[in-house]
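Summary of structural features
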Amino acid sequence: MPPDILGATVDPTGTNVGPIIAISTEGSTAGQQTDPAVAACGTTGRWLVAWLDTRNQGTTGFDVYAQQVAYVGPGSSRWGPTVPVGAFTGEAGPPAIDWGPVDGGDGEFLVVWIEWQTYDTAYARRVEPDSNLVGDPIVVCDTSAIKSSPAVAYAPTSSDWWVAWESG
Ligand SMILES: [Ca+2]
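Owing to the predicted nature of the structure, the values given are computational and were not obtained by experimental measurement.

1. Examining the pairing of strand β6 (residues 76-86)
Summarising the sheet, strand β5 (residues 63-71) and β6 pair through seven bridges and their orientation is antiparallel. Within β6, the position partnered with Y65 by the bridge is P84.

2. Structural notes on the sheet that holds strand β3 (residues 33-40)
Pairing in this open sheet of four strands is antiparallel, and the strands run β3-β4-β5-β6 from one edge to the other. Of all the strands in the sheet, the pair left with one neighbour each is β3 and β6. This sheet shows a mean twist of 25° between the axes of neighbouring strands, independent of strand direction. Sheet topology note: the strand β4 (residues 47-53)/β5 ladder contains seven bridges and is antiparallel. Residue V49 lies in a different strand from β5, and its bridge partner there is Q67.

What counts, and at which threshold
- Residues numbered from 1 in each chain as written.
- Predicted model: local features only at pLDDT ≥ 70, side-chain atom pairs only at ≥ 80, totals over all residues.
- Pairing = 2+ DSSP bridges.
- Helix = DSSP H or I, 4+ residues; strand = E, 2+ residues; numbered from the N terminus.
- Axes fitted to C-alpha atoms, helices over the stretch in contact; angles between N-to-C directions.

Written as structure tokens, this is what we have:
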């Protein structure tokens, strides 16, 4: 069986683990879903899970998709649509993700990944807490160095994102 993305809530003491749910539901019908990353929205309480996806391997190769999950107490369930965060014709690498209160409302998630086209490019994509994608993917770094292992965090004091990756 090709890999899918599963998840579960775990309470702070680790004594109560919620039911395991399917976050990607393509299973054996549409490629492989691997390498998940997750962040929580500080206002809605929902999580956004992003992963590497080969559902369109014949056309766009490795892509990054994302799906929100809501707490339903106890446990969790899928919320809203699965969205294509990065679906270029090149090969995407595993994503990283964080959430920040960037707009004074429900904030935004930022998903980052490395994309191989003719060389490696570090990309970021803004995702709103209703799963809308904001604008086009943002080019963070397009030098010709080999890149991998992106990471991202939000800094509330400066209202900036910090993106890091392995280079060379
Ligand atoms: Ca792709």
